[in-house]
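# Results of the structural survey
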Amino acid sequence: MKLCKWLLLIVLLSACSSSQAAKNQEYPTPTETTPSPTKDQIRMPQADGTVILGDDLIEIDASHSQQGYIMVRALQSDRPRLKLKLIKDEYEVPYDIEQDQQYITIPLTQGSGTYQIKGYENIEDTRYAVLFTVELQVSLAEETLPFLYPNQVVDYTPESDAVQKSFELTADCTTELQRVKKIYEFVVDHVEYDWNKVDEVQGHYVLPVVDETLAEGRGICFDYAALMSAMLRVQQIPTRLITGYVDEGYHAWVEVYVQNEGWINPEILFESRQWTRMDPTYASVGMNYKGQYQDKYRY
């Protein structure tokens, strides 16, 4: 990937360390103490079977769409590849559906409104046939809810090592900003960029595994973003994992929502003080990227 080769050049030329990149920033002074979240408050998706869509190959459980997600599974394990596509306001995002007949969680990241959902079956090579098209009316209880649950990309359970580490790191934090800062700096310092993986996954869509990233201390931008998102979501801090484009190629980063501050993303700084940009990959390789970010998918 062009971006990765370019990043390697930056690393070789840069004298900055990962810890310096994260810690030399001046963080905003927290103004409001917030209670420490508990593991009992971790939000986990459910498939209650009260609203079922789809066909005899793909089941969609929309029982909790107001919480910002749907549950999807293959009903047969001997079929060709299956896909699902969510469409809203010209925004389209595809998802692969595993053949193990287990539910996957798909977030409704475009907020309230009408979603068109299409199911597909592979018929030959890269050709797919449409199985069905359904509409789902969504009225979110809160607009940030899709970014507080695990999903197919940001996947974890209360027992995940990444979850345990999140609570360990934030045990003494008293504000949301302190929790964001602590987790951000941990991910930046703990995870090294995995140049070998860049070549291994080229041309393939490989989902992040947050506990593997934590254990190995290595990953690519997708892994950085997924690990940080998981660790923040269990702290009840809405976190968007975004994939899209920067000046040099395809990339992944995060945005976090902080009470009284709103969404913090890589292009927005606090007006009064400088805030570390929410891009753990660039920070970990000691690079202060100042180019443009273009969203493609949100998870």
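Our subject is the structure listed above.
Residues numbered from 1 in each chain as written. Predicted model: local features only at pLDDT ≥ 70, side-chain atom pairs only at ≥ 80, totals over all residues. Heavy atoms only, no water.

As a further point, take the overall build of the chain. Looking only at helices and strands, one finds 8 helices and 14 strands in the chain. Taking all 299 residues of the chain together, the buried fraction comes to 52%. If you take every contact in the chain between residues at least 6 apart in sequence, the share linking residues at least 24 apart comes to 67%. Of the roughly 14100 Å² that the chain leaves accessible, carbon and sulfur atoms contribute 44%. (Helix = DSSP H or I, 4+ residues; strand = E, 2+ residues; numbered from the N terminus. Buried < 20%, exposed > 50% of the residue type's maximum accessible area, 1.4 Å probe, protein only. Contact = heavy atoms within 4.5 Å. Areas by Shrake-Rupley, 256 points an atom, 1.4 Å probe, with all protein chains shown as cover.)

Read across the open sheet, the 4 strands follow the order 1-2-3-6; overall the sheet is antiparallel. Because the sheet does not close on itself, it has two edges, and the strands there are strand 1 (52–54) and strand 6 (104–107). Adjacent strand axes in the sheet meet at a mean angle of 30 degrees, parallel and antiparallel pairs treated alike. Inspection of the sheet shows strand 1 paired to strand 2 (residues 58–61) by 3 bridges, in the antiparallel sense. Pairing of G54 across the sheet is with E59, part of strand 2. (Pairing = 2+ DSSP bridges. Axes fitted to C-alpha atoms, helices over the stretch in contact; angles between N-to-C directions.)

The final tally for this structure, using the stated rule, is 13 salt bridges. D96 serves as the salt-bridge partner of R81, at 3.4 Å between the closest nitrogen and oxygen. Of the two residues, R81 is situated in the loop between strand 3 (69–74) and strand 4 (82–88) and D96 in strand 5 (residues 91–97); the sequence distance between them amounts to 15 residues. Looking at D96, the relative accessible area reads 24%, which means it is partly exposed. A salt bridge links K181 to E185, with the nearest nitrogen and oxygen atoms 3.6 Å apart. Of this pair, K181 and E185 both sit in helix 4 (residues 176–190), 4 residues apart, which is roughly one turn of that helix. One continuous salt-bridge network, built from bridges that share partners, spans R81, K83 and D96. (Salt bridge = Lys/Arg side-chain N within 4 Å of Asp/Glu carboxyl O.)

All right, on to the packing of aromatic side chains then. Scanning the model with the defined rule gives 7 aromatic pairs in all. Between the aromatic rings of F147 and W263, the centroid separation amounts to 5.7 Å while the plane-to-plane angle is 85 degrees, which identifies the pairing as edge-to-face. Note that F147 is positioned in the loop between strand 8 (127–138) and helix 3 (161–169) and W263 in strand 13 (residues 262–264), a separation of 116 residues in sequence. Judged by relative accessible area, W263 falls into the partly exposed class, the value being 22%. Between Y257 and W263 the ring centres are 5.3 Å apart and the planes differ by 65 degrees, which places this aromatic pair in the edge-to-face class. Y257 gets classed as partly exposed once you look at its relative accessible area, which sits at 24%. Three or more aromatic residues link up through ring pairs in this structure, and these residues are Y95, Y297 and Y299. For the cation-ring pair, R240 lies above F147, with the distance from its terminal atom to the ring centre recorded as 5.7 Å. (Phe/Tyr/Trp six-rings, centres within 6.5 Å; stacked < 30°, edge-to-face > 60°. Lys NZ or Arg CZ within 6 Å of the ring centre and 35° of its normal.)

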